[in-house]
Amino acid sequence: MRLTRAPQEGCGSSRVTCQRRKAAGRVRLAVLALLSATLVTAFDALAQDATTLAPDVQRQSAFPKQSLVGPSRNIDKSQPLYLQGDELVYDTGGNKVIARGNVEIFYNNYILTADQVVYDQSANTLTAVGNVVLKEPNGNIVRADRYTLTDDFRDGFVSQLSVVASDDTRIAAESAQRRAGNTTVFTNGRFTPCKSSDGMPPLWCLSAATVIHDQQAATITYQDARFELFGVPILYTPYFEHADPSVKRKSGFLMPQPSISETLGYSTTIPYYFALAPNYDFTFYPMYTSRQGILWQGEWRHRTENGQYYIKGTGIDQDAGTLPSSIVNREQYDGWRGSLDTKGLFNIGSWWKFGWDVTTETDDEFRRFYKLDNILLTDRVNKIFFNGMSDRNFFQIAAYEFTDLGYTTPDTSETKQYAYPILDYNYVFADPILGGELTWTTNALALSSNQDPTSFAPLADTNQQMNRVVTELNWRRRLTDPLGITYTPFAQLRADAYQISNYFDPYDNTAPLQETSFARGLAAGGVTIAYPWVANAAGGSHVIEPIGQIIARQASIRQDGLPNEDAQSLVFDDTNLFELTKFSGYDRIEVGTRANVGLQYTFQSNNGGYARLLAGESYQLAGDNAYANPSYDVNGNPVFSSDSGLQNSRSDYVLGAYVSPWNFMQLISQSRFDQSSFNLARLDAGGQLNLGPLTMNAIYAYLNTDPTNGINTSQSDVYGSISLRLTDRWTVAAAMRYDIDADELASDMFQIRYADECFVLTATYTDNYYVNPNLVDGQTLMLRFELKHLGEFGYSTDALNFNFSEQQSGATTP
């Protein structure tokens with residue numbers, strides 16, 4: 001006789017009677033306290049949409065979507081029904097077939113086993129009695145004492161039901177009845193995706209007097225429902241409904257997102273999702289705050305045949321009197337404040353794309369104050385673009401708006417720049433020219449800088465204007481002689497045309513430039529020579545490669561008195577040692593004759609490890625050194641650093657090291673050393689370790705003095721993060737950024753995470769030290785838990801000064 005486990009009675013007893021059960025209960029005590037404090041509201045309908053983009057609402061679920069009962073299966077009635085058992089009895093009078101003893105039935109990928117099965121040919125029903133087990137095609141396993149179903153397995157009645165889904169989700173009920181092949185009604189049903197053993201109740205369970213699963217409507221309804229933790233009822237609701245877990249989109253409420261904040265007070269976001277059509281929807285998610293009022297929010301999403309886009313709108317009728325007193329001139333924020341955020345991407349044919357990424361707001365602090373953006377965001381970039389790419393062509397035309405989000409004082413003003421448009425074109429010629437590759441590159445730019453705080457029009461007469469066209473022809477060929485020496489000759493022809501207005505002389509920022517239109521050209525040619533030496537050893541291969549490069553150009557070119565908008569970043573390291581120019585943009589050009597030399601070592605081990613080191617320096621042999629004398633902007637600041645390591649005829653030394661001794665460890669270092677004293681001038685180093693349950697990352701940055709940019713002392717900081725999986729369920733993580741020179745923390749984070757087969761809890765504590773009176777920054781505690789098949793719930797607070805700051809640092813709370 002086959003034995004089967006009886007259905008679990010209820011969600012399990014709440015009484016713990018042995019040491020093992022007591023210990024397990026203590027482990028989960030914190031989880032019980034948290035859930036009982038936050039599960040206080042039940043909604044008539046919980047929406048399902050895994051991809052909703054509402055802030056603080058969307059997150060990737062830790063659990064895959066899967067139907068609990070399984071979709072309707074079309075039964076092929078032409079397929080035979082196979083039945084076997086120890087004894088087969090034909091009751092001709094009752095028109096029944098009775099099978100007894102180890103009965104097995106195979107039909108349409110259903111497998112039914114029982115002690116006895118009675119097939120009533122008159123009623124077209126199968127009645128299985130005793131240790132009934134039904135294996136469904138979707139992987140579910142149904143156990144029961146008695147199971148009556150129609151011969152097409154469409155409808156039926158079950159007593160003492162126990163269902164185990166393929167993901168170990170369990171449903172138990174005193175009885176269940178399936179009607180019209182669609183609706184299943186469970187009496188005294190109990191549902192849990194959590195495992196339990198030794199009589200221990202599951203972590204959580206949902207029980208109800210009646211549970212109705214409507215497969216066509218894709219809903220599960222509970223009547224007289226209780227939510228239990230470890231067998232302890234903590235929440236009762238007379239009615240509760242949510243979408244079937246297999247459903248991706250359904251209108252209804254999403255999980256609320258409560259929080260506590262110094263600036264917003266107690267707040268909660270209650271989203272409602274409208275599944276309007278298969279290809280578009282709308283989410284309305286107002287945030288109710290105790291100090292600032294209601295922040296109205298909504299998001300529209302639309303997917304078309306060739307692309308998709310979304311539009312998010314946010315607004316609040318601001319009462320300036322409720323804002324923190326530290327905000328400068330807070331009366332300016334009185335009235336309606338808001339923002340509009342939209343992003344889209346569309347394919348136009350097989351080569352062309354059109355899209356945008358635009359965020360606009362009434363004031364620069366709005367989105368960061370209401371935590372819609374990261375508080376550390378310093379620049380906002382809006383973009384509209386149209387581009388196309390083929391095998392040898394690339395074309396893009398785009399319009400940009402750049403906004404500086406840094407803190408402004410009465411003596412400073414917001415800086416905006418508009419690029420309308422930027423055009424880029426690149427073409428690689430199909431046929432070799434002189435045996436090498438020829439490319440044509442063109443860049444066109446129309447730029448406006450808003451220097452007048454009272455003027456917001458890009459074409460205003462008081463704004464700086466620059467129109468620029470740059471076109472280049474580049475040729476390159478690689479040759480190798482019999483000794484293995486490689487020769488790479490290259491050449492470039494370049495022409496620039498500028499038109500500017502309202503720019504000031506970089507050497508006298510009170511006098512405007514008189515010349516407004518000019519052109520310049522550049523011809524360059526050179527060769528790179530490398531001679532690799534290869535040695536194979538038992539552990540791997542070694543390659544030592546001396547590299548030399550010489551580039552010749554005209555001795556000088558007009559650029560000292562010109563604006564510099566796109567070449568302000570100048571970092572000299574091993575990655576650009578052998579580049580034609582080390583400037584980051586078009587507005588500055590390297591001229592004269594320059595030699596670049598280096599030595600590269602590469603090791604490749606047989607077990608997959610590798611190491612690469614490149615050391616070198618650069619020499620200005622003739623002509624002007626474009627890196628020696630930067631010009632200045634209207635505020636008297638240099639347009640690029642004069643302490644880049646290239647300002648002298650002999651550059652600083654650069655060294656790059658990239659090492660991975662094993663596949664679980666990677667190290668990188670990019671450094672620059674003073675060419676006369678060999679003192680460290682700049683260093684960027686980082687490492688990553690992934691070793692079983694341990695993951696570590698570290699980044700160190702060092703910069704020596706740069707008086708032209710106001711850096712009179714060396715600057716260094718370090719960032720580190722670590723994550724450790726303590727067990728298969730518990731993980732801890734921490735991160736920190738530390739300013740070494742100021743001897744203070746810049747930011748820190750600590751996280752603890754618990755995850756099992758049915759429940760995920762994540763607690764994250766963060767603290768950012770950011771100086772901006774208009775943005776009150778504080779410590780933040782975020783709690784998020786997810787119940788399998790029922791959704792997730794989040795909670796956050798930054799009102800931690802009393803609980804954390806005072807005890808940790810001794811600071812007093814204002």
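Because the structure is predicted, anything quoted here is derived from the model rather than measured.

**Q** How should the side chain of T528 be read in this particular structure?
**A** Position of T528 among the secondary structure elements: in strand β32 (residues 517–530). By relative accessible area, T528 is classed as buried at 15%. Engagement of the side chain of T528 in a polar contact is seen with the side chain of Q549, the distance being 2.9 Å. Apart from the residues lying within four places of it in its own chain, the contact partners of T528 are T486, Y487, T488, F490, I547, G548 and Q549.

**Q** Would you mind going over the state of the cysteines with me for this structure?
**A** Linking two cysteines covalently via their sulfur atoms produces the bond known as a disulfide. Per the counting criterion, the structure on display carries 1 disulfide. Note on cysteine connectivity: C194 is disulfide-linked to C758, with sulfurs 1.9 Å apart. The S-S bond linking C194 to C758 shows a torsion near 100°; that makes this disulfide right-handed. Note that C194 is positioned in the loop between β9 (183–192) and β10 (204–214) and C758 in the loop between β43 (744–755) and β44 (759–768), a separation of 564 residues in sequence. Of the two residues, C194 and C758, both sit in the buried class.

**Q** How do you make sense of the pairing of strand β36 (residues 610–622) when you look at a structure like this?
**A** Look at any regular strand and the pattern is simple: side chains alternate between the two faces of the sheet. Note: strand β35 (residues 593–605) against β36, 12 bridges, orientation antiparallel. Counterpart to Y601 in the pairing with β36 is L613. Connecting β35 to the antiparallel partner β36 that follows it, the hairpin turn spans 4 residues, and G608 within it adopts a positive phi of roughly 105°. Where β36 lies against strand β37 (residues 653–660), 7 bridges are found, and the strand directions are antiparallel. Bridge assignment links R612 to a residue of β37, and that residue is Y658.

**Q** Is there a simple way to think about the environment of A165 in this case?
**A** Tracing the sequence through the fold places A165 in the loop between β7 (156–164) and β8 (170–179). The class of A165 is buried, set by a relative accessible area of 5%. Placed 23 residues apart in sequence, A165 and V142 show a C-alpha to C-alpha distance of 8.3 Å. Apart from the residues lying within four places of it in its own chain, the contact partners of A165 are G139 and N140.

**Q** How do you make sense of the environment of F394 when you look at a structure like this?
**A** Mapped onto the secondary structure, F394 falls in strand β24 (residues 393–404). On the basis of relative accessible area, F394 is assigned to the partly exposed category, the value being 27%. Once the C-alpha coordinates of F394 and D424 are considered, the two residues, 30 residues apart in sequence, prove to be 7.8 Å apart. Not counting the four nearest positions on each side in its chain, F394 is found in contact with N387, G388, M389, D424, Y425 and N426.

**Q** Can you help me understand the packing of aromatic side chains in this one?
**A** The geometry of an aromatic ring pair is captured by the separation of the ring centres together with the interplanar angle, meaning the angle of the planes. Evaluated as defined, the whole model comprises 28 aromatic pairs. Taken together, a centroid distance of 5.0 Å and an interplanar angle of 10° make the contact between Y498 and F518 stacked. One end of the pair, Y498, is in strand β29 (residues 486–501); the other, F518, is in strand β32, with 20 residues separating them in the sequence. An identical accessibility class is assigned to Y498 and F518; each is buried. Geometrically, the ring pair formed by Y531 and W533 is tilted, given 4.9 Å between the ring centres and 45° between the ring planes. Here the aromatic residues F253, Y272, F274 and F282 are joined through ring pairs into a cluster of three or more. A cation over an aromatic ring shows up here: R337 above the ring of Y333, its NZ or CZ 4.5 Å from the ring centre. The ring centre of F518 lies 5.3 Å from the NZ or CZ of R558, which sits over that ring.

Cut-offs used in this document
Residues numbered from 1 in each chain as written. Predicted model: local features only at pLDDT ≥ 70, side-chain atom pairs only at ≥ 80, totals over all residues. Heavy atoms only, no water. Helix = DSSP H or I, 4+ residues; strand = E, 2+ residues; numbered from the N terminus. Buried < 20%, exposed > 50% of the residue type's maximum accessible area, 1.4 Å probe, protein only. Polar contact = N/O pair within 3.5 Å; in protein donor to acceptor, adjacent residues only side chain to side chain. Contact = heavy atoms within 4.5 Å. Disulfide = S-S within 2.5 Å. Pairing = 2+ DSSP bridges. Phe/Tyr/Trp six-rings, centres within 6.5 Å; stacked < 30°, edge-to-face > 60°. Lys NZ or Arg CZ within 6 Å of the ring centre and 35° of its normal.

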